[in-house]
Amino acid sequence: MYTRMMIRLGYPAQNLGLPETTNRTLRLASLIDVDRLKGIVRKNIAGLRNILHWNAERGIWLFRMGQDLVPFASHPAFPYDWTAEHGGELREAGELARTLGIRLSMHPGQYIQPASPRPGVAARGIEELRYVTRVFDLMGAEDAVTVLHIGGGYGDKPGTAARFVEVMSPQTEILRYLALENDERVWTAFETVETARSLGIPAITDSLHHNLNPDGLSLREALDLSLPTWEKRGTRPKLHLSSQDREKRPGAHAYSIDSLDLEALFSALDGREADVMVEAKGKEQALAAMGVRVR
DNA sequence: GTCCGTCAAGCAGGC
DNA sequence: GCCTGCTTGACGGAC
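Heads up: these notes are all about the structure in this document. (Residues numbered from 1 in each chain as written. Chains lettered and ligands numbered in written order. Predicted model: local features only at pLDDT ≥ 70, side-chain atom pairs only at ≥ 80, totals over all residues. Heavy atoms only, no water.)

### Some details on unusual backbone geometry
For residues other than glycine, phi is negative in most cases, and the peptide bonds are mostly trans. The criterion, for reference: Relative accessible area decides the class of each residue, using a 1.4 Å probe on protein chains only: under 20% of the type maximum gives buried, over 50% gives exposed, and in between gives partly exposed.
With omega at -20°, the peptide bond leading from Leu18 into Pro19 counts as cis. Located in the positive-phi region is Ala13, a residue other than glycine, with phi close to 75°. For Ala13, a relative accessible area of 12% corresponds to the buried category.

Have a look at this one:
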């Protein structure tokens with residue numbers, strides 16, 4: 001099914017079976033404990049290395065690092081120069097990922113709102129995106145991806161999209177890695193592609209979000225729009241795959257991937273190559289259903 | 001020792 | 001207007 005790397009798979013942030021994570025953190029009030037903070041960052045980077053080795057042995061060629069790799073890195077209260085302190089470790093981890101052939105990503109969360117009309121909110125979001133950019137730069141991760149939602153709509157989506165483009169256009173360092181992802185409530189796959197195109201960056205179609213917010217497009221039509229946006233960057237297109245947890249509200253991720261959702265994605269791809277990030281509560285366990293040996 | 005509510009941050013939407 | 005979910009480990013306080 002996955003011959004010739006038509007499809008490569010990955011999962012985010014942690015490995016349940018090892019168990020290992022890149023997301024150890026601490027409370028903001030504990031940031032003053034510099035020794036402990038440095039230890040947490042080192043453990044996260046060590047966790048990343050362990051996961052990379054484990055993944056490579058099983059042919060898992062994508063991994064999303066947790067946003068807390070360096071906890072509070074973009075916060076004004078962060079107490080030391082983390083790029084100087086951890087640059088060497090990050091460079092070595094990046095070398096490892098390159099040697100193993102694993103593509104990295106990060107996904108800043110719902111608080112990152114570059115198009116917010118509130119200047120402070122927008123500025124903090126940009127700072128977080130700079131942090132991700134510095135991590136990738138230090139790691140030498142040229143094909144890495146910063147995955148971001150456009151954010152709120154503020155009751156005026158065209159105006160907000162224009163503001164997003166205006167705010168992000170000067171951020172050329174961030175744009176080198178940035179890709180925009182559709183969400184399940186506000187920004188459709190079509191709108192996300194349009195906004196990404198205006199910035200000259202690629203778009204990611206998330207299959208579950210698209211099901212909930214399709215705006216009349218089939219998954220195939222959405223992919224027809226988003227896949228070509230990756231040509232300019234010269235890297236493989238990225239997608240997100242997840243299944244609905246039937247017992248929870250729409251948008252909640254299930255533990256594993258429903259075979260119907262997998263088939264629907266393959267059908268929509270129709271032979272085109274893609275890097276597929278599998279967003280499931282079961283993390284690496286969810287890849288078992290796709291023929292990956294996970295133990 | 002275990003359990004539980006809360007923790008930096010922003011939004012949309014349901015009530 | 002208030003509450004919830006998004007994600008998930010940390011951690012203090014209650015018991």
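### Comments concerning the protein's contact with DNA strand C
Put simply, the test is: Throughout, the term near means that a residue has one or more heavy atoms lying within 4 Å of the molecule or strand in question. Here a polar contact means two N or O atoms within 3.5 Å. Within protein one must be a hydrogen donor candidate and the other an acceptor candidate, and residues neighboring in sequence count only if both atoms are side-chain atoms. Polarity classes work like this: nonpolar for Ala, Val, Leu, Ile, Met, Phe, Trp, Tyr, Cys and Pro, charged for Asp, Glu, Lys and Arg, and polar for all others, with Gly in that last group.
Around DNA strand C sit 13 residues, and of these Thr25, Arg27, Arg36, Arg249 and Lys283 come closest. Sugar plus phosphate, as a fraction of atoms of DNA strand C within 4 Å of the protein: 68%. Arg185 is positioned with one of its side-chain polar atoms (N or O) 3.2 Å from a base nitrogen of DNA strand C. Lys283 places a polar side-chain atom, nitrogen or oxygen, 2.6 Å from a phosphate oxygen of DNA strand C. Broken down by class, the residue content of the surface near DNA strand C amounts to two nonpolar, six polar and five charged.

### Structural notes on the side chain of Thr22
Convention followed: Helical segments are the DSSP runs of H or I of at least four residues, strand segments are the runs of E of at least two, and each set is numbered from the N terminus. Should any heavy atoms of two residues lie within 4.5 Å, those residues are considered in contact.
Its location among the elements puts Thr22 in the loop between β3 (20–21) and α1 (34–57). The exposure class assigned to Thr22 is buried, which follows from its relative accessible area of 0%. Within the local environment of Thr22, its side chain forms a polar contact with the backbone oxygen of Ala13, the two atoms lying 3.1 Å apart. Only 2.8 Å separates the side chain of Thr22 from the backbone nitrogen of Gly66, close enough to count as a polar contact. If near-sequence neighbours (up to four positions away) are discounted, Thr22 is found in contact with Ala13, Asn44, Gly47, Leu48, Ile51, Phe63, Met65, Gly66, Asp68 and Leu69.

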